[in-house]
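Working through the structure, step by step
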Amino acid sequence: MPIPVSCSFDQLLARCGLPRLEARALMTLASGRAREWLIAHGPDPVEAALRERFEALVRRRQAGEPIAYLAGAREFHGHRFEVGPAVLIPRPETEQLVDLVIDQASPGADVLDLGTGSGAIAVSVACARPDLRLTATDRSPESLAIARRNARSLLGESQATRIAWHEGDWWSAVPGAAIFDVIVSNPPYIAQDDPHLADGDLRFEPRAALAAGADGLADLRTLVAGAPAHLRPNGLLAVEHGWNQGAAVRALMFAAGFVAVTTLRDAQQHDRITLGRIPANGGRSAVPGLE
Ligand SMILES: C[S@@+](CC[C@H](N)C(=O)[O-])C[C@H]1O[C@@H](n2cnc3c(N)ncnc32)[C@H](O)[C@@H]1O
């Protein structure tokens, strides 16, 4: 049904062609008004300039652009993170990885977040654990710029200096002698020809943040193989992966010498995170000559 030239907020939201919640989110963006204000003022007429701004956002959404990119932000672990087309939109599943680091890092621990994107993991951990020292890397300079801004806005200028940022390809970005108590990563893990890459929000997100070789495990192989050289005895590695990659990632961790290797499931009961520890003796054999 065509929308009359002069119409109310309620009429515009109901007839714009988007689900109600999305329509209200876009009107919040276009108007700068809170959701409660929009509900209270539903019968009021919408001025022409606001209607134009709203309809421009509706057209972009109907073309598939993620709401997080239209808004320039996404809530993650209770914080509002700036996002844009240069970074992955942080996912709720990854909050479990953040909780794991917050729970398991010992006081004063050194934590490394590889492939930090918007800084979702590193900054959320830093917000919850002021005692930790963090290092975060990414190959994308645009991501690192956004991550640094998120650190400054969520932690404040002085606390943001607790995170050291390094640009570069996985381990080459990490200073050679640097050693950590916890290494965490949500790397790309989708197979490069997976048809889901052409669906929904994924179409708009950076391919380099999503796809990892023919089987999706290329980056996980590099991360797991390189981690022991950068972990202290008893150090923890925790990585996010695809629902069907748990067994493969556990095998990679066992092959790299990790112990206490476990896979955790997400809220949908899918394998999502695998973790393992470096043995307390650093992996040296008790039998002389076998280390
Ligand atoms: C799945 S995204 C995760 C982003 C963020 N940690 C999160 O959970 O929202 C993977 C990130 O790894 C980065 N990345 C991809 N390949 C990389 C590489 N070879 N070296 C370093 N970072 C890489 C991407 O730029 C992207 O930011």
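The model shown is predicted, which means the values in this text are computed figures rather than measured ones.

Parameters and conventions
Residues numbered from 1 in each chain as written. Predicted model: local features only at pLDDT ≥ 70, side-chain atom pairs only at ≥ 80, totals over all residues. Heavy atoms only, no water. Near = heavy atom within 4 Å. Polar contact = N/O pair within 3.5 Å; in protein donor to acceptor, adjacent residues only side chain to side chain. Areas by Shrake-Rupley, 256 points an atom, 1.4 Å probe, with all protein chains shown as cover. Nonpolar A, V, L, I, M, F, W, Y, C, P; charged D, E, K, R; others polar. Helix = DSSP H or I, 4+ residues; strand = E, 2+ residues; numbered from the N terminus. Buried < 20%, exposed > 50% of the residue type's maximum accessible area, 1.4 Å probe, protein only. Axes fitted to C-alpha atoms, helices over the stretch in contact; angles between N-to-C directions. Parallel < 35°, antiparallel > 145°, perpendicular 65-115°, else oblique. Left-handed = near helix turned anticlockwise from the far one by under 90°. Contact = heavy atoms within 4.5 Å. Phe/Tyr/Trp six-rings, centres within 6.5 Å; stacked < 30°, edge-to-face > 60°. Lys NZ or Arg CZ within 6 Å of the ring centre and 35° of its normal. Salt bridge = Lys/Arg side-chain N within 4 Å of Asp/Glu carboxyl O. Pairing = 2+ DSSP bridges. Domains from an automatic or database assignment. Core = buried A, V, L, I, M, F, W, Y, C linked by side-chain atoms within 4.5 Å.

**Brief notes about the site of the ligand**
Not every one of the 17 residues close to the ligand is listed here, only the nearest: G115, D138, D169, W170 and N186. Contact distances for the ligand include 2.9 Å between a nitrogen atom and a backbone N or O atom of G115. At 2.9 Å, a backbone N or O of W170 approaches a nitrogen atom of the ligand. Across the complex, the protein chains shield 97% of the 590 Å² of accessible surface that the ligand would expose by itself. Class assignment of the residues belonging to the shell around the ligand gives a composition of 8 nonpolar, 6 polar and 3 charged.

**Side note on the environment of A145**
Mapped onto the fold, A145 is located in helix α8 (residues 141–155). Relative accessible area serves as the criterion here: at 33%, A145 is assigned to the partly exposed category. Distance in space between the C-alpha atoms of A145 and R272 is 28 Å, their sequence separation being 127 residues.

**A closer look at the packing of helix α2 (residues 20–31) against helix α4 (residues 48–62)**
Put simply, α2 and α4 touch, their axes get as near as 9 Å, and they point 135 degrees apart. Between α2 and α4, the angle falls in the class oblique. At the point where α2 passes α4, the crossing takes the right-handed sense. Counting all contacts with α2, which are made through E22, A23, L26, M27, L29, A30 and S31, the residues of α4 involved are L50, R53, F54, L57, V58 and R61. For the contact of α2 with α4, the per-class residue count stands at 9 nonpolar, 1 polar and 3 charged.

**Examining unusual backbone geometry**
Of note in the backbone geometry, H77 takes a positive phi value of approximately 50 degrees without being a glycine. Unlike most non-glycine residues, N234 shows phi in positive territory, near 70 degrees. Looking at the element boundaries, N234 is found in strand β7 (residues 231–240). Judged by relative accessible area, N234 falls into the partly exposed class, the value being 43%.

**Focus on the packing of aromatic side chains**
According to the stated counting rule, one finds 2 aromatic pairs in the structure shown. Judged by centre distance (6.0 Å) and plane angle (75 degrees), the rings of F76 and F81 are edge-to-face. Like F76, the residue F81 is buried in the burial classification. Positioned over the ring face of W37 is R33, at 4.2 Å from the centre of the ring.

**Examining the pattern of salt bridges**
Overall, the coordinates contain 14 salt bridges when judged by the stated rule. Between R61 and E22 there is a salt bridge; the shortest N-O distance is 3.0 Å. Here the residue R61 occupies a position in helix α4, and E22 occupies one in helix α2, the gap between them amounting to 39 residues. Judged by its relative accessible area of 17%, R61 is buried.

**With respect to the pairing of strand β8 (residues 259–265)**
One face of the sheet, then the other: side chains in a regular strand alternate in exactly this way. As judged from the 5 bridges shared by β8 and strand β9 (residues 271–277), these two strands associate in the antiparallel manner. Bridged to R265 within β9 is D271. With antiparallel pairing between neighbouring strands as the criterion, β8 and β9 make up a hairpin whose turn holds 5 residues, including Q269 at a positive phi of roughly 65 degrees.

**Some points on the domain arrangement of the protein**
According to the domain assignment, the protein contains domain 1 (9–63) and domain 2 (71–277). The C-alpha-based centres of domain 1 and domain 2 are spaced at 35 Å.

**Here we look at the sheet that holds β7**
Think of a sheet as strands paired side by side through backbone hydrogen bonds, with each pair either parallel or antiparallel. Read from one edge of the open sheet, 7 strands run β5-β4-β3-β6-β7-β9-β8, paired in mixed fashion. Looking along the sheet, the strands with just one partner apiece sit at the ends: β5 (163–167) and β8. Sheet twist, expressed as the average angle between the axes of neighbouring strands with direction ignored, equals 15 degrees. Where strand β3 (residues 110–114) meets strand β6 (residues 180–185), 4 bridges bridge the pair, whose relative direction is parallel. Within β6, the residue paired with L114 across the bridge is S185. Relative to β5, α8 is tilted by about 170 degrees, and along the sheet it contacts β4 (133–138) and β5. Its contacts with the sheet put helix α11 (residues 246–255) on β7, β8 and β9, and the angle it makes with β9 is roughly 10 degrees.

**Thoughts on the nonpolar core**
V125, L134, I163 and W165 are the most contacted members of the largest nonpolar core, which has 32 residues in total. Where this core is concerned, the elements lending two or more residues are α6 (95–104), α7 (120–128), β4, α8, β5, β6, β7 and β9. Here the element with the most residues in this core is α7; it accounts for 6 residues. Residues in contact with V125, not counting those within four places in the same chain, are V98, V101, I102, L132 and L134.

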